[in-house]
Amino acid sequence: MATLFENYEQQYSALTADITAHIGLLTASASKDRRQLISTIEKHVEEAKELLEQMDLEVREIETSKKQRCKTKLECYRAELKRLTLEYIKARAVKQESLYDSTEDVDLRVSIDQKQRLLDNAETLERSGRKLNDGYRVVIETEELGNQVMRNLSEQRETIQRSRNRLRETDEELNRSSRILSSMLMRVMQQKAVLYAVGASFIIFISLGIYISFSR
């Protein structure tokens with residue numbers, strides 16, 4: 001069953017796919033289509049931002065074992081949205097420059113220096129995205145290693161528990177054997193006492209018989 005975070009991921013993926021498609025259309029569109037495309041892209045970007053905020057809230061409620069993985073995913077999604085936003089800005093700016101003096105958006109023309117800064121920022125975001133992806137892979141590998149260690153520890157604990165149970169059973173057997181030996185020893189001592197008593201009585205009886213014979 002999918003978690004709420006996973007549902008947000010699916011919605012986010014669909015939104016970013018739409019944003020990417022509309023940016024492509026914006027790059028190749030005529031001026032009459034641009035306003036609708038711009039409105040649609042900006043609406044999708046805002047919806048994507050809201051989804052990221054919902055995912056951020058959901059991460060705080062996720063169990064500890066999965067929290068780091070979801071945090072890493074969320075950072076990747078944020079970097080991706082920034083990259084798409086810059087692509088949208090570039091697509092809009094480039095098209096506006098080509099339509100300069102023939103559209104109503106003359107005041108939004110972006111200078112060459114501004115475009116270069118946007119390109120530099122885009123490259124920086126792409127590098128950050130790659131680093132986040134590398135970090136995400138490390139987190140996954142670390143989690144897998146941790147799970148393997150936990151499995152090994154669980155197996156060792158079971159082995160120790162079985163050994164402890166065998167020792168407990170052995171100790172119980174030794175206690176029973178000790179009780180049996182003690183009982184046998186007690187019976188032997190009782191039998192010896194009876195034999196000593198019988199022997200003493202026999203000796204006394206013989207002594208009395210001899211005494212009586214001499215007295216006559």
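Cut-offs used in this document
- Residues numbered from 1 in each chain as written.
- Predicted model: local features only at pLDDT ≥ 70, side-chain atom pairs only at ≥ 80, totals over all residues.
- Heavy atoms only, no water.
- Patch = residues over 30% accessible without salt bridge, like charges linked within 9 Å, V, L, I, M, F, W, Y side chains within 5 Å.
- Areas by Shrake-Rupley, 256 points an atom, 1.4 Å probe, with all protein chains shown as cover.
- Salt bridge = Lys/Arg side-chain N within 4 Å of Asp/Glu carboxyl O.
- Helix = DSSP H or I, 4+ residues; strand = E, 2+ residues; numbered from the N terminus.
- Phe/Tyr/Trp six-rings, centres within 6.5 Å; stacked < 30°, edge-to-face > 60°.
- Buried < 20%, exposed > 50% of the residue type's maximum accessible area, 1.4 Å probe, protein only.
- Lys, Arg positive; Asp, Glu negative; His and termini not counted.
- Contact = heavy atoms within 4.5 Å.
- 1 Å grid on protein atoms, 1.4 Å probe; cavity = no way out; pocket = protein on both sides within 12 Å on 5 of 7 lines; lining within 4 Å.
- Points joined across faces, edges and corners; volume = space filled by probe spheres on them.
- Nonpolar A, V, L, I, M, F, W, Y, C, P; charged D, E, K, R; others polar.
- pLDDT = per-residue confidence, 0-100.

### Details of a nonpolar patch on the surface
Taken together, the side chains of Phe-202, Ile-203, Phe-205, Ile-206, Ile-210 and Phe-214 present a nonpolar region at the surface, about 710 Å² in accessible area. Take Ile-206: it is sitting in helix H4 (residues 112-215).

### A word on the packing of aromatic side chains
Counting across every chain of the model gives one aromatic pair. Measuring from ring centre to ring centre gives 4.9 Å for Tyr-12 and Tyr-77, while their planes differ by 40°; the resulting arrangement is tilted. With Tyr-12 in helix H1 (residues 4-28) and Tyr-77 in helix H3 (residues 64-98), this pair connects stretches of sequence that are 65 residues apart. Residue class for Tyr-12 comes out buried when judged on its relative accessible area of 1%.

### Focus: the side chain of Glu-58
Within the fold, Glu-58 resides in helix H2 (residues 31-59). No salt bridge forms around the buried Glu-58; measuring N to O, its nearest opposite-charge neighbour Arg-60 is 10 Å away. Residues contacting Glu-58, with those up to four places away along its chain left out, are Leu-4, Phe-5 and Tyr-8.

### Quick look at the layout of surface pockets
Taken as a whole, the largest pocket encloses approximately 240 Å³ of empty space. The wall of the largest pocket is formed by 13 residues, among which Thr-3, Glu-6, Ile-62, Lys-66 and Cys-70 lie closest to the centre. Sorting the residues of the lining of the largest pocket by element identifies H1 and H3 as the ones contributing at least two each. Considering only residue class, the lining of the largest pocket consists of four nonpolar, one polar and eight charged.

### Notes on the confidence of the model for the protein
In the predicted model, the protein carries a mean pLDDT of 78, and the fraction of residues at 70 or more is 78%. Mean pLDDT in the protein bottoms out at H4, which sits at 76, and peaks at H1, which reaches 89. Below pLDDT 50 for its whole length, residues 97-110 participates in 17 contacts with residues either more than four positions away or in separate chains.

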